[in-house]
Amino acid sequence: MSNVTRLADRRSSTVEDALASIHAAAIADYLTASLARDWDGMRIVRRRAEQLDAKHGGGLVDQLDALRSQPAA
């Protein structure tokens, strides 16, 4: 494996890790807003999720929608 290939693999992994962290933070923010019944906060997180999905894919909006459709425990 060449140095260029290893560097590209490492960069891809770093980007994926960063996106996973961003997704986790967005989900936490959405849940926090939801529990506080902060509808504006939920809309803001959803807008950011839509922008992220448009640029990077990943289905963050789908994850937020799934949270919203889950019955309360």
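Residues numbered from 1 in each chain as written. Predicted model: local features only at pLDDT ≥ 70, side-chain atom pairs only at ≥ 80, totals over all residues. Heavy atoms only, no water.

Oppositely charged side chains can form a pair if their charged atoms are brought close together. Applying the stated criterion across every chain yields a total of five salt bridges. A salt bridge links Asp 29 to Arg 48; its shortest N-O distance comes to 3.3 Å. In this pair, Asp 29 sits in helix 1 (residues 3-35) while Arg 48 sits in helix 2 (residues 39-56), placing the two residues 19 residues apart along the sequence. The exposure class assigned to Asp 29 is partly exposed, which follows from its relative accessible area of 38%. On the accessibility criterion, Arg 48 (39% relative accessible area) is partly exposed. Two residues, Asp 65 and Arg 68, come together in a salt bridge whose shortest N-O distance is 3.8 Å. Residue Asp 65 and its partner Arg 68 are both found in helix 3 (residues 60-69); the two are separated by three residues, about one turn of the helix. Its relative accessible area of 55% is what places Arg 68 among the exposed residues. Here the residues in one salt-bridge network are Arg 46, Glu 50, Asp 65 and Arg 68, joined through shared partners. (Salt bridge = Lys/Arg side-chain N within 4 Å of Asp/Glu carboxyl O. Helix = DSSP H or I, 4+ residues; strand = E, 2+ residues; numbered from the N terminus. Buried < 20%, exposed > 50% of the residue type's maximum accessible area, 1.4 Å probe, protein only.)

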